[in-house]
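Listed below are the residues making up each chain.
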Amino acid sequence: MREAGGGCPLRSDPVLILLPPSETKASGGDGPPVDPDALWLPELTEARRALFDALVSLATDAAATAKALGISEAQAEELAQVNASLWSSPTRPALARYTGVLYDALDVASFTKAQRAKADARLAVGSALFGVVGAGDGIPGYRLSAGSKLPGFGTLAAHWKPVLEPALANAGLGLVVDLRSGGYQQLGKVSGAITATVVTERADGSRSVVSHFNKHHKGLLARALATTRAEPTDLKGVAAVARKAGLRVETPSATELVIVT
């Protein structure tokens, strides 16, 4: 079954929640430098190493980095040391590395020891650099997004899809709740996964897909699923957990959960 880096086992569990990464990340860490072979799904090691080496090499050229990552040269210069030191910088568990709206709502810091163990078993994070990592995998800070275009790689979807999709398919997963955004889903889809959409309902009953609160409510859903004592095995079970956590949800299809705000 799944195993996290650093020798921390991910327990067998009937549900896996795939989270999106975030552009914002906590700095520093007290873990040893990253070991690609120790991360979840070690069959992705070669693809990970190729991107690591490309980012480290690219970091020497601010203009090329800016173009590849879609950022300003000033930002590229600030990030130069971050990407240049991927192989040597300290690591943090993935759930402690990523920050931002979704991770604020997930609020891992408030978990009890038992809840954290359950979260490590149930959560994983999609990543442009790693493909996917387990919640407890130690990773360094970095800058790379699904839409980045590194020299010699074409699209990252073309790099990841041939290896990530079969790795996920062969991982012996049970129910998967895929909360990744579209760009990260394209890196490697999970057949039959439940997806979630957040909509706002106006006073007149009309609805629209929201962006501002999208990550917040997905973080609340992830928190509910990561900490529940229930073991949902289908959409009905996922919806029950969400409702118990105070979320208003609907199930318009066999694999879609709609969160109504």
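Since this is a predicted model, take the numbers as computed values, not measurements.

(A) The arrangement of the packing of helix 1 (residues 45-58) against helix 7 (residues 156-169) in detail. Closest axis-to-axis distance for the helix 1/helix 7 pair is 10 Å, and the angle between their directions is 160°. One element, helix 1, and the other, helix 7, form an angle in the roughly antiparallel class. Listed contacts from helix 7 to Ala47, Arg48, Ala50 and Leu51 of helix 1 are Leu156, His159, Trp160 and Val163. Partitioning the contact of helix 1 with helix 7 into residue classes produces six nonpolar, one polar and one charged.

(B) Spatial organisation of the confidence of the model for the protein. Per-residue confidence for the protein gives a mean pLDDT of 92; residues scoring 70 or more make up 95%. pLDDT under 50 marks residues 1-11. Its contacts with residues more than four places away, or in other chains, come to 30 contacts.

(C) Structural detail: a negative patch on the surface. The grouping of Asp61, Glu73, Glu77 and Glu78 at the surface amounts to a negative patch. Tracing the chain through its elements places glutamate 78 in helix 3 (residues 73-84).

(D) Spatial organisation of the side chain of arginine 97. Tracing the backbone shows arginine 97 in helix 4 (residues 94-97). Here arginine 97 occupies a buried position and makes no salt bridge, while the nearest side chain of opposite charge, aspartate 30, is found at 8.2 Å. At a separation of 2.8 Å, a polar atom in the side chain of arginine 97 contacts the main-chain carbonyl oxygen of glycine 28. Of the polar contacts made by the side chain of arginine 97, one reaches the backbone oxygen of isoleucine 139; its length is 3.0 Å. For arginine 97, the contacting residues outside a window of four places in its chain are Thr24, Lys25, Ala26, Ser27, Gly28, Pro90, Thr91, Arg92, Ile139, Pro140 and Gly141.

(E) Here's a closer look at the packing of aromatic side chains. Going through the model one piece at a time under the given rule, you end up with five aromatic pairs. With centroids separated by 4.8 Å and ring planes inclined at 50°, the aromatic side chains of phenylalanine 52 and tryptophan 87 adopt a geometry described as tilted. With a gap of 35 residues between them, phenylalanine 52 in helix 1 and tryptophan 87 in the loop between helix 3 and strand 2 (92-93) connect regions that are remote in the sequence. Pairing phenylalanine 52 with phenylalanine 130 gives two aromatic rings, centres 5.6 Å apart and planes at 65°, and the pair type is edge-to-face. Here the residue phenylalanine 52 occupies a position in helix 1, and phenylalanine 130 occupies one in the loop between strand 3 (123-127) and strand 4 (131-134), the gap between them amounting to 78 residues. What makes phenylalanine 52 buried here is its relative accessible area of 0%. We classify phenylalanine 130 as buried; its relative accessible area is 0%. Among the aromatic residues, those joined into a ring-pair cluster are Phe52, Trp87, Tyr98, Tyr103, Phe130 and Tyr142. One Lys or Arg, lysine 25, reaches over the ring of tyrosine 142 and ends 4.4 Å from the middle of that ring.

Cut-offs used in this document
- Residues numbered from 1 in each chain as written.
- Predicted model: local features only at pLDDT ≥ 70, side-chain atom pairs only at ≥ 80, totals over all residues.
- Heavy atoms only, no water.
- Axes fitted to C-alpha atoms, helices over the stretch in contact; angles between N-to-C directions.
- Helix = DSSP H or I, 4+ residues; strand = E, 2+ residues; numbered from the N terminus.
- Parallel < 35°, antiparallel > 145°, perpendicular 65-115°, else oblique.
- Contact = heavy atoms within 4.5 Å.
- Nonpolar A, V, L, I, M, F, W, Y, C, P; charged D, E, K, R; others polar.
- pLDDT = per-residue confidence, 0-100.
- Patch = residues over 30% accessible without salt bridge, like charges linked within 9 Å, V, L, I, M, F, W, Y side chains within 5 Å.
- Areas by Shrake-Rupley, 256 points an atom, 1.4 Å probe, with all protein chains shown as cover.
- Salt bridge = Lys/Arg side-chain N within 4 Å of Asp/Glu carboxyl O.
- Lys, Arg positive; Asp, Glu negative; His and termini not counted.
- Charge placed at Lys NZ, Arg CZ, Asp CG, Glu CD.
- Buried < 20%, exposed > 50% of the residue type's maximum accessible area, 1.4 Å probe, protein only.
- Polar contact = N/O pair within 3.5 Å; in protein donor to acceptor, adjacent residues only side chain to side chain.
- Phe/Tyr/Trp six-rings, centres within 6.5 Å; stacked < 30°, edge-to-face > 60°.
- Lys NZ or Arg CZ within 6 Å of the ring centre and 35° of its normal.

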